[in-house]
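As a plain string of letters, each chain reads:
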Amino acid sequence: MSTVKVTDIIRRVEDVLQDTNIRWPRTELQNWMNESYLAITLARPDANAKSGTFTCVTGTRQTLTTQFPSGLRLLDVTRNLAATSTYRVIRLVSRSVLDDQRPSWHAETGTVNVQHYTFDPRQPKEFFVYPPATTAAQVEVVYTDSPGATSLTETQLNPEAGDSTVILLDDIYMSPMIDWVLYRAYSKDAEYGANEQRAQAAYGAFNAALSMKNQVDSASSPSNQSSVT
């Protein structure tokens with residue numbers, strides 16, 4: 001859940017830059033903040049993960065964006081949801097396994113009950129289901145969604161204006177967002193040696209924060225905890 005305001009980010013950035021809407025207009029800082037959303041979700045696809053009901057088309061190939069136009073990447077297909085289905089779980093399987101064991105699996109009879117799905121990271125918005133689906137098949141998908149962007153005016157971006165618009169990612173990404181905006185702001189004046197160094201430092205801090213979160217999430221993931229036997 002987001003509670004940090006857009007103007008909070010702008011204020012913190014301006015405090016570091018020691019600038020108040022002169023060298024770096026606030027709308028420009030907002031553009032870089034919007035850019036940070038995409039940079040973060042590129043590094044952390046789970047930063048804006050969502051789940052939803054996906055209605056299949058006939059056959060094996062399914063395209064995420066037919067129902068979720070702003071979807072960036074499939075993360076998981078968890079279970080069947082169609083009212084006439086068995087609601088059974090859906091397992092990820094290597095496509096080569098299906099190709100080897102059932103060479104004609106794309107041509108098999110369609111069903112409302114999907115058993116497996118395959119995914120190629122080189123085509124992050126597509127997946128295949130097995131057995132082939134009918135148009136009545138519905139599955140639950142988890143996917144990375146594009147965070148979108150804010151478009152506040154110069155007046156609204158003034159921290160003293162009291163605008164309540166919040167950032168479009170969870171509050172835990174506030175620091176990386178600030179670091180990204182600083183990186184882009186200092187890069188604007190990179191012809192000055194000191195600012196070039198500051199830009200690189202901010203970019204390094206951005207990457208370090210996301211890398212640290214990767215390590216923490218991995219260590220604290222429920223899947224790494226001992227299960228009850």
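Predicted, not measured: the structure shown is a model, and the values here were computed from it.

1. Description of the overall build of the protein
Phase 1: The helix and strand inventory of the protein stands at five helices and seven strands.
Phase 2: The linear arrangement of helices and strands in the protein, starting from the amino end, is α-α-β-β-β-β-α-β-β-β-α-α.
Phase 3: Whereas a compact globule of 229 residues would reach a radius of gyration of roughly 17 Å, the protein reaches 22 Å, over 25% beyond that.
Phase 4: Oriented by its inertia axes, the alpha-carbon framework of the protein measures out at about 65 × 40 × 35 Å.
Phase 5: The buried share of the protein, reckoned over its 229 residues, is 40%.
Phase 6: Once local pairs closer than 6 in sequence are excluded, the contacts in the protein between residues at least 24 apart make up 74%.
Phase 7: Just so you have it, the protein exposes about 12,300 Å², and 50% of that area is on carbon and sulfur atoms.

2. Considering the side chain of aspartate 145
Phase 1: Relative to the elements of secondary structure, aspartate 145 occurs in strand 7 (residues 138-145).
Phase 2: With relative accessibility at 6%, the residue aspartate 145 sits in the buried group.
Phase 3: Side-chain polar atoms of aspartate 145 contact the side chain of lysine 50, separated by 2.9 Å.
Phase 4: Within polar-contact distance, the side chain of aspartate 145 engages the side chain of serine 70 at 2.5 Å.
Phase 5: When near neighbours in sequence (up to four residues on either side) are disregarded, aspartate 145 contacts Asn48, Lys50, Ser70, Gly71 and Leu72.

3. Digging into the packing of aromatic side chains
Phase 1: Following the criterion strictly, the structure yields nine aromatic pairs and no others.
Phase 2: Note on tyrosine 183 and tyrosine 203: the rings are 4.8 Å apart at their centroids and 40 degrees apart in plane angle, and the pair reads as tilted. With tyrosine 183 in helix 4 (residues 174-188) and tyrosine 203 in helix 5 (residues 193-220), this pair connects stretches of sequence that are 20 residues apart.
Phase 3: By relative accessible area, tyrosine 183 is classed as buried at 17%.
Phase 4: Assessed through its relative accessible area of 32%, tyrosine 203 is described here as partly exposed.
Phase 5: Cluster of aromatic residues (ring-pair linked, three or more members): Trp180, Tyr183, Tyr203 and Phe206.
Phase 6: We note arginine 23 situated over the ring of tryptophan 24; from NZ or CZ to the ring centre the distance is 6.0 Å.

4. A short note on the sheet that holds strand 5 (residues 116-118)
By way of backbone hydrogen bonds, the strands of a sheet pair with one another, either parallel or antiparallel.
Phase 1: Taken in spatial order, the four strands line up as 2-6-5-4 in an open sheet, and their pairing is mixed. One side of each edge strand has no neighbouring strand; the edge strands of this open sheet are strand 2 (59-63) and strand 4 (91-92).
Phase 2: For strand 2 and strand 6 (residues 126-133), the ladder comprises four bridges, and the chain directions are antiparallel. Considered in strand 6, the bridge of glycine 59 is made with alanine 133.

5. So, the nonpolar core
Phase 1: In this structure, Ile9, Val13, Leu17, Leu29 and Ile40 are the most contacted members of the largest nonpolar core, which totals 32 residues.
Phase 2: The element that contributes the greatest number of residues to this core is helix 4, accounting for nine residues.
Phase 3: Membership of the second largest hydrophobic core comes to 18 residues, among which are Leu74, Tyr117, Val129 and Val139.

6. A few points about the environment of glutamate 160
Phase 1: Tracing the backbone through its elements, the reader meets glutamate 160 in the loop between strand 7 and helix 4.
Phase 2: Overall, the relative accessible area of 76% leaves glutamate 160 in the exposed class.
Phase 3: With 64 residues separating them along the chain, glutamate 160 and serine 96 place their C-alpha atoms 59 Å apart.

7. Considering helix 1 (residues 6-17)
Phase 1: Its twelve residues give helix 1 an end-to-end C-alpha distance of 17 Å, which sits within 8% of 16 Å, the value for a rise of 1.5 Å per residue.
Phase 2: On the buried face of helix 1, the contacting elements are helix 2 (26-43) and helix 4.
Phase 3: Residue glutamine 18 follows helix 1 closely and has a positive phi angle near 55 degrees.

8. Details of the sheet that holds strand 1 (residues 49-55)
Phase 1: An order of 1-7-3 is seen for the three strands of this open sheet, with the pairing classed as antiparallel. Edge positions in the sheet fall to strand 1 and strand 3 (71-80), since each of these pairs with one other strand and no more. If you compare each strand with its neighbour and ignore which way they point, the axes differ by 30 degrees on average.
Phase 2: As judged from the seven bridges shared by strand 1 and strand 7, these two strands associate in the antiparallel manner. The residue of strand 7 that forms the bridge with alanine 49 is threonine 144.

About the thresholds
- Residues numbered from 1 in each chain as written.
- Predicted model: local features only at pLDDT ≥ 70, side-chain atom pairs only at ≥ 80, totals over all residues.
- Heavy atoms only, no water.
- Helix = DSSP H or I, 4+ residues; strand = E, 2+ residues; numbered from the N terminus.
- Rg over C-alpha atoms; globule rule 2.2 N^0.38 Å.
- Buried < 20%, exposed > 50% of the residue type's maximum accessible area, 1.4 Å probe, protein only.
- Contact = heavy atoms within 4.5 Å.
- Areas by Shrake-Rupley, 256 points an atom, 1.4 Å probe, with all protein chains shown as cover.
- Polar contact = N/O pair within 3.5 Å; in protein donor to acceptor, adjacent residues only side chain to side chain.
- Phe/Tyr/Trp six-rings, centres within 6.5 Å; stacked < 30°, edge-to-face > 60°.
- Lys NZ or Arg CZ within 6 Å of the ring centre and 35° of its normal.
- Pairing = 2+ DSSP bridges.
- Core = buried A, V, L, I, M, F, W, Y, C linked by side-chain atoms within 4.5 Å.
- Expected span 1.5 Å × (residues − 1).
- Axes fitted to C-alpha atoms, helices over the stretch in contact; angles between N-to-C directions.

In short, geometric facts, not functional conclusions.
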